[in-house]
Amino acid sequence: DYLEQDVVLTKDGVPIVLHDVYLEATTDVEQRFPDRARADGRFYAIDFTLEEVRQLSVHERTTSGEANSGAVYPERFPVQAGSFTVPTLEQEIRFIAGMDKSRGTQTGLYIELKAPRLHRAAGHDMPQAILDVLQRTGYADRREQVFLQCFDDRTLRALRDEYRTPLPLIQLIAENDWGEDSAVDYDFLRSDAGLDAIAGYAQGIGPWLMHIYRGRDESGAAITTDLVARAQARGLAVHPYTFRADQLPEGFTDFDSLLALFVNELKVDGLFTDFPDLARAFIDRR
């Protein structure tokens, strides 16, 4: 129903669709610009202009960043096949809008603002850059068609209070030791007080699925937390991530069983998946 756009900015402030703030895991940046890594060895998208990013070739995610290294998900799209580039957010939205018109459909956008503190430190106004794209493409007020999500609570509060976007906001929740955003206490956000705070500025949460499913007990029954119920009791939608048929949590042998737990039993409001065809088919069969 929705396509997720993870968004970072280029050096010249253009929103592009990229899962990471780094380029090396999914592009040939190491071959094109071998001397442009930072001291940590990473190639940051924000260090490259849009013109430079457009010179890169995109490939399936690899383990080391090299196109000839192993794929993270080896059964997915072949690493060496195809000819793809990094799209701007505006290009992707206009493509989706065109497909919707030609097919008579209405596809949602689920836009993630990636590492806004990193961009802010570099002098970029990431929320405004993204809102400007939504304004130009006619999506800025489509509450029923666009979600904005972020791991940074400060950015979500600003979107609501300073930028005054009418679009629904989703607080993503990570583990503290992931290094997603050291200024955010994700353990607190899952507490009652944390959920109360989120309800004051957002319309939902996007927790890691393992914040909800904790494995199996001795009888083989699923062990789950009460996070879904507590969030929904506060009027928050719950959209956990990421459901992958080729990376099942321990205790599951098939994708449908995983979906059945979250959709049928826990009654989440939505979910993020790398396999939307399978998830949609499961929901339609219920």
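Just so you know, these numbers come straight off a predicted model, no measurement behind them.

Rules used throughout
- Residues numbered from 1 in each chain as written.
- Predicted model: local features only at pLDDT ≥ 70, side-chain atom pairs only at ≥ 80, totals over all residues.
- Heavy atoms only, no water.
- Helix = DSSP H or I, 4+ residues; strand = E, 2+ residues; numbered from the N terminus.
- Rg over C-alpha atoms; globule rule 2.2 N^0.38 Å.
- Contact = heavy atoms within 4.5 Å.
- Areas by Shrake-Rupley, 256 points an atom, 1.4 Å probe, with all protein chains shown as cover.
- Lys, Arg positive; Asp, Glu negative; His and termini not counted.
- Charge placed at Lys NZ, Arg CZ, Asp CG, Glu CD.
- Polar contact = N/O pair within 3.5 Å; in protein donor to acceptor, adjacent residues only side chain to side chain.
- Expected span 1.5 Å × (residues − 1).
- Buried < 20%, exposed > 50% of the residue type's maximum accessible area, 1.4 Å probe, protein only.
- Arc of directions from axis to C-beta.
- Phe/Tyr/Trp six-rings, centres within 6.5 Å; stacked < 30°, edge-to-face > 60°.
- Lys NZ or Arg CZ within 6 Å of the ring centre and 35° of its normal.
- Core = buried A, V, L, I, M, F, W, Y, C linked by side-chain atoms within 4.5 Å.
- Salt bridge = Lys/Arg side-chain N within 4 Å of Asp/Glu carboxyl O.

Asker: Can you help me understand the overall build of the protein in this one?
Answerer: Along the protein, the regular secondary structure elements total 11 helices and nine strands. Relative to the compact-globule value of 19 Å for 286 residues, the protein shows a C-alpha radius of gyration of 19 Å, a close match. Counting only C-alpha atoms, the protein reaches 55 × 45 × 45 Å along its principal axes. Sequence separation of 24 or more characterises 63% of the internal contacts of the protein that already satisfy a separation of 6 or more. Of the roughly 14,000 Å² of accessible surface on the protein, a fraction of 48% belongs to carbon and sulfur atoms. Once the 31 positive and 48 negative side-chain charges of the protein are each reduced to a mean point, those two points are 5 Å apart.

Asker: So what exactly am I meant to see when it comes to the side chain of Arg244 here?
Answerer: Residue position: Arg244 is located in the loop between β9 (237-238) and α10 (255-265). Separated by 3.1 Å, the side chains of Arg244 and Tyr73 make a polar contact. Here Arg244 is in contact with Tyr73, Arg76, Phe255, Asp274 and Phe275, once residues within four sequence places are set aside.

Asker: What's the story with helix α3 (residues 89-103) in this structure? I'm lost.
Answerer: Three or four residues apart is the spacing at which side chains of an α-helix point the same way, because the helix has 3.6 residues per turn. With 15 residues, α3 should cover 21 Å at 1.5 Å per step; its first-to-last C-alpha distance of 21 Å lies within 8% of that length. Turning to α3, its buried residues are Leu89, Glu92, Ile93, Ile96 and Asp100. The arc that holds the buried residues of α3, viewed along the axis, is 100 degrees, so those residues lie on one side. Residues of α3 that are exposed and angled more than 90 degrees away from the buried face: Phe95, Lys101 and Ser102. Buried residues belonging to α3 abut β1 (2-9), β2 (15-17), β3 (108-113) and α5 (126-137). Just past α3, the residue Gly104 takes up positive phi, approximately 70 degrees.

Asker: Would you take a moment to explain the packing of aromatic side chains for this structure?
Answerer: Aromatic rings considered in pairs are described by the distance between their centres and by the relative angle of their planes. For the structure shown, the criterion picks out 13 aromatic pairs. The interplanar angle of 75 degrees and the centroid separation of 5.0 Å between the aromatic rings of Tyr22 and Tyr44 together place this pair among those described as edge-to-face. Here Tyr44 lies in the loop between α1 (29-32) and α2 (50-53) and Tyr22 lies in the loop between β2 and α1, a separation of 22 residues in the sequence. Residue Tyr22 is classed as partly exposed on the basis of its relative accessible area, which comes to 24%. Each member of the aromatic cluster is reached from another via a ring pair, and the members are Tyr2, Tyr110, Phe147 and Phe272. Between Arg142 and the ring centre of Tyr139, over which it is positioned, the NZ or CZ distance is 4.0 Å.

Asker: Could you clarify how one ought to interpret the nonpolar core in this entry?
Answerer: Note on soluble globular proteins: their nonpolar side chains tend to be buried together. Among the nonpolar cores identified, the biggest contains 63 residues, and Ile111, Leu134, Leu148, Ile205 and Phe262 are the most heavily contacted of them. With seven residues, α10 is the single largest residue contributor to this core. With sequence-adjacent residues up to four places away left out, Phe262 is seen in contact with Leu209, Ile212, Tyr213, Pro240, Phe243, Lys267 and Val268. In terms of nonpolar packing, the next biggest core, distinct from the first, is built from 16 residues, Val8, Ile16, Tyr44 and Ala45 among them.

Asker: Would you explain the pattern of salt bridges in this entry?
Answerer: When the charged atoms of two side chains lie near each other, side chains of opposite charge can form a pair. Taken as a whole and assessed by the stated rule, the structure comprises 25 salt bridges. When the shortest N-O distance is used, the salt bridge between Lys114 and Asp6 registers 3.9 Å. With Lys114 in the loop between β3 and α4 (116-121) and Asp6 in strand β1, this pair connects stretches of sequence that are 108 residues apart. Of the two residues, Lys114 and Asp6, neither departs from the other in class, the shared state being buried. Look at Lys114 and you get buried, because its relative accessible area is 10%.

Asker: Sorry, what's going on with the side chain of Glu112 here?
Answerer: Counting through the fold element by element, Glu112 comes out in strand β3. Owing to a relative accessible area of 4%, Glu112 belongs among the buried residues under this scheme. Once residues lying within four places of it in the same chain are set aside, the contact partners of Glu112 are Glu4, Gln5, Asp6, Val7, Gln149, Phe151 and Leu172.

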